[in-house]
Protein chains: 2
Amino acid sequence: MAGTDKSQDSLAGGPAIILVDPQLGENIGTAARAMLNFGLTDLRLVRPRDGWPNERAISAASGADKVLDATQLFDTTAEAIADLNLVFAATARDRDMRKPVFTPESAATRIRERAATGDRAGYLFGPERAGLDNNDVALADSIMQVTLNPAFSSLNLAQAVLIVGYEYFRQGDATPDQSFEPGPTGFASKQDLIGLFEHLEGELHRGGFLYPPEKTPTMVRNIRNMLQRAHLTEQEVRMMRGMVSTLTKLRGRGQNDET
Amino acid sequence: MAGTDKSQDSLAGGPAIILVDPQLGENIGTAARAMLNFGLTDLRLVRPRDGWPNERAISAASGADKVLDATQLFDTTAEAIADLNLVFAATARDRDMRKPVFTPESAATRIRERAATGDRAGYLFGPERAGLDNNDVALADSIMQVTLNPAFSSLNLAQAVLIVGYEYFRQGDATPDQSFEPGPTGFASKQDLIGLFEHLEGELHRGGFLYPPEKTPTMVRNIRNMLQRAHLTEQEVRMMRGMVSTLTKLRGRGQNDET
């Protein structure tokens, strides 16, 4: 699923993503791509194992240059989060520490609430296999944990970053839950729709479908309710009328038969 | 972020994931892992390019055997979705077709609503580069589209499947937005907490911190309000009292000085 346009993204202000002791350059690159899909651009690295810049990261980040070019390096986690005032430590396994645990959704909600008053947030992610050191977790306000299938929990770094970015973006996104584009003709007027109903029902009646007579009103309503659910466009009503005509011509009867 | 336990997952009934003309075996494998993180186990393949079973898929799916072992193969999309009655076509680019477009969140909501009355749902994903053919989109009820950064939109197959699975799982997940485990001693009683307040304030007062006298009540309330926000556990109150004692001993004054 790929598309890229050059329009200005108005997604400034999202949380920083801080990778502590990241091991594979490739994972830094895929994390950068995951970030940029959701408009996150503030990537910080603490002691990347294979140094920086990193060819594998650049290669894996293909296209997400904006993130790589702005990546900051730090020697310690404390320095990496110094300017932030709300930090979530991303952990997979439970820690025996007195720390609140947020879901990705509630962490993103908290970040957006605090951003409204100028606060700056970030997420800490630890090295791929070991996860964050408890001392780094203690530098964060709270823990963020993605609830997963207890029988199989295996998110990689980029996927965890993706979910964090997805939740942050979703909560500020104005995309309607559901949208439908009726096209240039727009939705059919009820006049047009009722015209279709009468045309169709006339032909069905002629063909003996609306039988027995005492059931006809119910059957007609059923057909009309069904077609209403399709929310036909004006163009579709015309197409339906053409379909009815075609079918009835094939049947050997013209539209001139009396009902 | 990895952990796996063998407890029975009660996540049956989730949507099927149908990959149409998947190209790389590796992507099938990573999609299977993405699914199982969120309890989705019904994977269906239509004309996998490199056949099935597929070594690269097995390798990339490492651990998600449950999904691979149950994977079904089909020659056509129509056959793959025959038993379903709610299908979303996942697309990245807009299609000039009269189809409702859902967000991942609203699609998952719709699926759960319909599941309550016994309906079975699925998501169609097209080949990695080209995406779904419009004829396949026409076999679905609606489109599901992940809104992304317009300046950079590049989700791979496993990531799109991950987001679908994440939303489905999240909407059925009872994990509280925020949780905190106070440990074996539980939260401090107000008696213990007020004991700490009085101990601390006594020492601060002795040290000349609560000055001038007309500001003392406000300063005391500020300190108490700050400490209240920490929601101290009983153990932490004891620790704080020990810290206060330690600091005041270092100061050279014992606890026997008169306030």
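This is a predicted model, so every value here is computed, not measured.

All right, on to the layout of surface pockets then. Put simply, the second largest pocket is a space of about 660 Å³. Together, 24 residues line the second largest pocket, and P100 and D141 of chain A together with R229, A230 and H231 of chain B are the ones closest to its centre. Secondary structure elements with two or more residues in the lining of the second largest pocket: β5 (86-90) and α5 (104-115) of chain A together with β10 (178-179), α9 (216-229) and α10 (234-250) of chain B. Take the lining of the second largest pocket: its biggest share by element is four residues, from α10 of chain B.

What follows covers the sheet that holds strand β4 (residues 72-74) of chain B. Sheet strands associate in pairs through backbone hydrogen bonding, adopting either a parallel or an antiparallel arrangement. Spatially, eight strands are ordered β10(A)-β6(B)-β8(B)-β5(B)-β7(B)-β2(B)-β3(B)-β4(B) in an open sheet, and the strand pairing comes out mixed. Each end of this open sheet is capped by a strand with a single partner; those strands are β10 (178-179) of chain A together with β4 of chain B. Two strands pair when backbone bridges link them, and β10 of chain A and strand β6 (residues 101-102) of chain B are joined in this way by two bridges, in the antiparallel orientation. Each bridged residue has a counterpart across the sheet, and for S179 of chain A the counterpart in β6 of chain B is V101 of chain B. On top of the sheet, helix α5 (residues 104-115) of chain B reaches β10 of chain A together with β5 (86-90), β6, β7 (121-125) and β8 (142-144) of chain B; it is set at about 165° to β5 of chain B, its chief contact.

Turning our attention to the packing of aromatic side chains. Overall, the coordinates contain 12 aromatic pairs over all chains when judged by the stated rule. Between F88 of chain B and F102 of chain B, the aromatic rings sit 5.2 Å apart at their centres with planes inclined by 75°, giving edge-to-face as the arrangement. Note that F88 of chain B is positioned in strand β5 and F102 of chain B in strand β6, a separation of 14 residues in sequence. Like F88 of chain B, the residue F102 of chain B is buried in the burial classification. Where F180 of chain B meets F187 of chain B, the ring centres are 5.6 Å apart and the plane angle is 35°; that geometry is what we call tilted. Residue classification places F187 of chain B among the partly exposed residues on the basis of a relative accessible area of 45%. Through pairs of rings, three or more aromatic residues link up here, namely F38, Y166 and F169 of chain A together with F38, Y166 and F169 of chain B. The positively charged end of R112 of chain A is found above the aromatic ring belonging to Y168 of chain A, 4.0 Å away from the centroid.

A few words on the side chain of S154 of chain B. On the secondary structure map, S154 of chain B appears in strand β9 (residues 153-154). A distance of 2.4 Å separates a polar atom in the side chain of S154 of chain B from a polar atom in the side chain of R33 of chain A.

This part takes up the pairing of β7 of chain B. Residue and element names in this part refer to chain B. The buried fraction of β7 is high, at five of five residues. Because side chains alternate across β7, one face comprises the buried residues A121, Y123 and F125, and the other comprises G122 and L124, equally buried. Sheet topology places strand β2 (residues 16-20) next to β7; four bridges connect them, and they run parallel. Within β7, the position partnered with L19 by the bridge is F125. Where β5 meets β7, four bridges bridge the pair, whose relative direction is parallel. Pairing of F88 across the sheet is with Y123, part of β7.

Rules of the game
- Residues numbered from 1 in each chain as written.
- Chains lettered and ligands numbered in written order.
- Predicted model: local features only at pLDDT ≥ 70, side-chain atom pairs only at ≥ 80, totals over all residues.
- Heavy atoms only, no water.
- 1 Å grid on protein atoms, 1.4 Å probe; cavity = no way out; pocket = protein on both sides within 12 Å on 5 of 7 lines; lining within 4 Å.
- Points joined across faces, edges and corners; volume = space filled by probe spheres on them.
- Helix = DSSP H or I, 4+ residues; strand = E, 2+ residues; numbered from the N terminus.
- Pairing = 2+ DSSP bridges.
- Contact = heavy atoms within 4.5 Å.
- Axes fitted to C-alpha atoms, helices over the stretch in contact; angles between N-to-C directions.
- Phe/Tyr/Trp six-rings, centres within 6.5 Å; stacked < 30°, edge-to-face > 60°.
- Buried < 20%, exposed > 50% of the residue type's maximum accessible area, 1.4 Å probe, protein only.
- Lys NZ or Arg CZ within 6 Å of the ring centre and 35° of its normal.
- Polar contact = N/O pair within 3.5 Å; in protein donor to acceptor, adjacent residues only side chain to side chain.

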